[in-house]
Amino acid sequence: MSGSTRCLIAGNWKMNGMLQESLSFVNDMRENPAPEAVEVALMPPYTLLHALSKPFEDKGIRIGSQSMYFETSGAFTGSISPLMLRDAGCHYVILGHSERRDIMGEGNVILRKKLDAAWHAGLEPMFCIGEHLEEREAGTTNDVLKEQLSVLEGTDVNAPLTVAYEPVWAIGTGKTATPEQVSATHAFVHQELARLGRQCRVLYGGSVNPGNAESLMACEGVDGALVGGASLKADTFMEIIAAAARVAA
Ligand code: PEP
């Protein structure tokens, strides 16, 4: 981990979660063992945001959204605006997740609009970047990440931001990047962010689970984790939080 800042363990429930089971999840969450060192956040689907924001807050968990549209209001059927997310109690919004990039076709132009709109509404973007397997194998990982991060050029360096490095080949596959790959890539991402005038947390994401969380969190330049599948059950999510707390101790 990078040291001075509180690390962040964030859970992305993706398109999973019904009201009753999510309320049981909240009940099952035990106290964060190291709140001064580890921040915890969860991103449930839109339909649960209002219902969960207070119960999560009572447990010291920040709530965020998995996406949003960039307009404030109006004739955009099916869309959710940044102001609606603030109204629902959100602190974070995930932007640039590889599933949005690859399935919904979101690229740099739309992502810049979303970043600006999120900041304007007072949300903290959790900006995801990551390479595909062919790109890693071709040795172009850093070029891909640099291009994805170029969206931040000319933005207010003081606007709140968390970046998540998520190799696409490690998301939901059970494959994780090796500690060497993680340390080297995080070093590059921090360096690139510094070139853009930014110093912010860089999370790792991609099949993080209770068995690998401690070694991943111990990698140089890793400031927390964005967790998909393993955040769906309170006990596995708590084990990851506990692993981060041990590393931070
Ligand atoms: C993710 O959705 O951002 C993610 C990292 O998923 P998983 O942990 O399931 O690989």
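Up top you'll find the structure we're talking about.
Residues numbered from 1 in each chain as written. Predicted model: local features only at pLDDT ≥ 70, side-chain atom pairs only at ≥ 80, totals over all residues. Heavy atoms only, no water.

Draft legend 1. Representation of the overall build of the chain within the structure. In terms of helices and strands, the chain carries 10 helices and 8 strands. The C-alpha atoms of the chain give 17 Å as radius of gyration, which agrees with the globular expectation for 249 residues (18 Å, within 12%). Across its three principal directions, the C-alpha atoms of the chain cover 45 × 45 × 30 Å. Within the span of the chain, comprising 249 residues, buried residues form 52% of the whole. Residue pairs in contact within the chain that sit at least 24 positions apart in sequence constitute 74% of those at least 6 positions apart. Entry remark: accessible area of the chain is about 11200 Å², with carbon and sulfur atoms responsible for 52%. Computing the positive centroid from 20 side-chain charges and the negative centroid from 30, the chain places the two 3 Å apart. (Helix = DSSP H or I, 4+ residues; strand = E, 2+ residues; numbered from the N terminus. Rg over C-alpha atoms; globule rule 2.2 N^0.38 Å. Buried < 20%, exposed > 50% of the residue type's maximum accessible area, 1.4 Å probe, protein only. Contact = heavy atoms within 4.5 Å. Areas by Shrake-Rupley, 256 points an atom, 1.4 Å probe, with all protein chains shown as cover. Lys, Arg positive; Asp, Glu negative; His and termini not counted. Charge placed at Lys NZ, Arg CZ, Asp CG, Glu CD.)

Draft legend 2. Quick look at the packing of aromatic side chains. The tally for this structure, following the rule as stated, stands at 6 aromatic pairs. Between Tyr69 and Phe76, the ring centres sit 5.2 Å apart and the planes meet at 45°, which makes this aromatic pair tilted. Relative accessible area serves as the criterion here: at 32%, Phe76 is assigned to the partly exposed category. (Phe/Tyr/Trp six-rings, centres within 6.5 Å; stacked < 30°, edge-to-face > 60°.)

Draft legend 3. Up close: the layout of surface pockets. Taken as a whole, the largest pocket holds about 560 Å³ of empty space. The greatest single-element share of the lining of the largest pocket, amounting to 3 residues, is contributed by helix H4 (residues 98-103). Class assignment of the residues belonging to the lining of the largest pocket gives a composition of 11 nonpolar, 7 polar and 5 charged. (1 Å grid on protein atoms, 1.4 Å probe; cavity = no way out; pocket = protein on both sides within 12 Å on 5 of 7 lines; lining within 4 Å. Points joined across faces, edges and corners; volume = space filled by probe spheres on them. Nonpolar A, V, L, I, M, F, W, Y, C, P; charged D, E, K, R; others polar.)

Draft legend 4. Looking closely at the side chain of Asp223. Looking at the element boundaries, Asp223 is found in the loop between helix H9 (213-217) and strand S8 (224-227). Summary of buried charges: Asp223 has no salt-bridge partner, and the nearest side chain of opposite charge, Arg201, is 6.9 Å away. One polar contact links the side chain of Asp223 to the main-chain amide nitrogen of Val202, over a distance of 2.8 Å. (Salt bridge = Lys/Arg side-chain N within 4 Å of Asp/Glu carboxyl O. Polar contact = N/O pair within 3.5 Å; in protein donor to acceptor, adjacent residues only side chain to side chain.)

Draft legend 5. A look at helix H10 (residues 234-248). End to end, H10 covers 21 Å across 15 residues, agreeing with the expected 21 Å (1.5 Å per residue, within 8%). Here H10 has its buried residues at Ala234, Phe237, Met238, Ile240, Ile241, Ala243, Ala244 and Ala245. Of the surrounding elements, those touching the buried residues of H10 are strand S1 (7-12), helix H1 (19-28), strand S2 (38-43), H9 and S8. (Expected span 1.5 Å × (residues − 1).)

Draft legend 6. Representation of the packing of helix H7 (residues 141-149) against helix H8 (residues 179-195) in the model. Relative orientation of the contacting elements H7 and H8 amounts to 35°, with a least axis distance of 10 Å. When the axes of H7 and H8 are compared, the crossing they make is right-handed. Side by side, H7 and H8 meet where Thr141, Asn142, Leu145, Lys146 and Leu149 of the first sit next to Thr185, Phe188, Val189, Glu192, Leu193 and Arg195 of the second. For the contact of H7 with H8, the per-class residue count stands at 5 nonpolar, 3 polar and 3 charged. (Axes fitted to C-alpha atoms, helices over the stretch in contact; angles between N-to-C directions. Left-handed = near helix turned anticlockwise from the far one by under 90°.)

Draft legend 7. Local environment of the site of the ligand. Near the ligand lie 14 residues; those nearest to it are Lys14, Glu166, Gly172, Ser207 and Gly228. Contact distances for the ligand include 2.7 Å between an oxygen atom and a side-chain N or O atom of Lys14. The contact in question runs from an oxygen atom of the ligand to an N or O atom on the backbone of Ser207, over 2.8 Å. Within the complex, 95% of the 290 Å² of free accessible area of the ligand lies under protein. Across the shell around the ligand, the residue classes tally to 4 nonpolar, 8 polar and 2 charged. (Near = heavy atom within 4 Å.)

Draft legend 8. Expanded view of the packing of H1 against helix H2 (residues 49-58). Where H1 meets H2, the closest approach of the two axes is 10 Å, and the angle between their N-to-C directions is 10°. In terms of orientation, H1 and H2 fall into the roughly parallel class. Between H1 and H2, the contacting residues are Leu19, Ser22, Leu23 and Val26 on the first element and Ala51, Leu52, Pro55 and Phe56 on the second. Considering only residue class, the contact of H1 with H2 consists of 7 nonpolar, 1 polar and no charged. (Parallel < 35°, antiparallel > 145°, perpendicular 65-115°, else oblique.)

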